[in-house]
Amino acid sequence: MSDDILINIQVTLAKGDRNGVAKLTKEALDKGLSVKVILEDGLIKSMNAIGEKFKANEIFIPEVLIAAKAMHAGIAVLEPLFAASGIKPTGRVVIGTVKGDLHDIGKNIVSMMLKGACFEVVDLGIDVPPGKFLEIVQTKSPDIIAMSSLLTTSMGAMRETIKVLKESGLRDKVKIIVGGAPITQGFADSIGADSYAKDAATAVDKAKELLKKIPM
Ligand code: B1M
């Protein structure tokens, strides 16, 4: 029964039916499925399949975009459940997809899961230039900067952001975590990031670990 609704979510997302995905996501919640299961076995699974079809040239950018919007509609239903909590924020994270990169699905999932773990999240969106990260460190004093990149061509913007922070003397005021499909631990080390996470769930664990390293 729960498998039926998850398959329905996958199929509806692949068709790019935003209202349908939102409706089915609500239905899945009503049926008692967990947010994690709906997210991983419904929404993400379908989006990954879309990615594979895109890679194989079976579908093209417009279809991918439409599916991505349907994915957002599902995430929008789940998000309040991650965030709903009266507990004091664990820490403040500023997150963004780096300059030159417009991919935001993974970044939004990381953001949503951080909120679910009671972090206060300031989301700078996509195509965020190093100067914007710098400005926000100055004005919001976050504990952590979280940068996402999906393109090999935008990975360099992470290095550039860390360089700008170093030059302004603010690098040591904030912990930095990086992630996204082309990012590796080796790359994270090479640019001087404090942490790397391969997926959203790991990003939450790593963010919690980083907080422990911040002197009170
Ligand atoms: Co683009 N795209 N895309 N795309 N796109 C990829 C990334 C690509 C791998 C497809 C391919 O060729 N096989 C390829 C990149 C190749 C590379 O450089 N290595 C690619 C390309 C080339 C491009 C364009 C250049 C295409 C073109 O125009 N010719 C163009 C670039 C535009 C730009 O950014 N300047 C482009 C455009 C687009 C769309 C706009 C059509 C759309 C984005 C819509 C949107 O995001 N709103 C899109 C999409 C959807 C994809 C694929 C199909 C799916 C990405 C996705 O959302 N995955 C992707 C192929 C694929 O991944 N199979 C592809 C689902 C998401 C949940 O996973 O984002 O990896 P992901 O996030 C994961 C982890 O990576 C991690 O956690 C997330 C969840 O667990 N994670 C973090 C992410 N950020 C993190 C940060 C962290 C920690 C973990 O800490 C801070």
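Draft legend 1. Summary view of the site of the ligand. Taken together, 32 residues form the shell around the ligand, and within it Lys55, Leu102, His103, Asp104 and Ser148 come nearest. The separation between an oxygen atom of the ligand and a polar main-chain atom of Thr152 is 2.9 Å. The separation between an oxygen atom of the ligand and a polar main-chain atom of Ala181 is 3.3 Å. Within the residue set of the shell around the ligand, elements represented by two or more residues are α3 (35-55), α4 (61-83), α5 (105-116), β3 (144-148), β4 (175-179) and α9 (200-212). The class makeup of the residues in the shell around the ligand is 19 nonpolar, eight polar and five charged. Each of domain 1 (2-81) and domain 2 (92-212) contributes no fewer than three residues to the shell around the ligand.

Draft legend 2. Highlighting the sheet that holds β3. Read from one edge to the other, the open sheet built from five strands follows the order β2-β1-β3-β4-β5, with strand pairing classed as parallel. Each having just a single partner strand, β2 (120-123) and β5 (195-197) make up the two edges of the open sheet. Across the sheet, the axes of successive neighbouring strands diverge by a mean angle of 25°, strand direction being ignored. The sheet contact formed by strand β1 (residues 92-97) and β2 spans four bridges and is parallel.

Reading the values: rules and limits
- Residues numbered from 1 in each chain as written.
- Predicted model: local features only at pLDDT ≥ 70, side-chain atom pairs only at ≥ 80, totals over all residues.
- Heavy atoms only, no water.
- Near = heavy atom within 4 Å.
- Polar contact = N/O pair within 3.5 Å; in protein donor to acceptor, adjacent residues only side chain to side chain.
- Helix = DSSP H or I, 4+ residues; strand = E, 2+ residues; numbered from the N terminus.
- Nonpolar A, V, L, I, M, F, W, Y, C, P; charged D, E, K, R; others polar.
- Domains from an automatic or database assignment.
- Pairing = 2+ DSSP bridges.
- Axes fitted to C-alpha atoms, helices over the stretch in contact; angles between N-to-C directions.

Any functional reading would require information beyond the geometric quantities listed.
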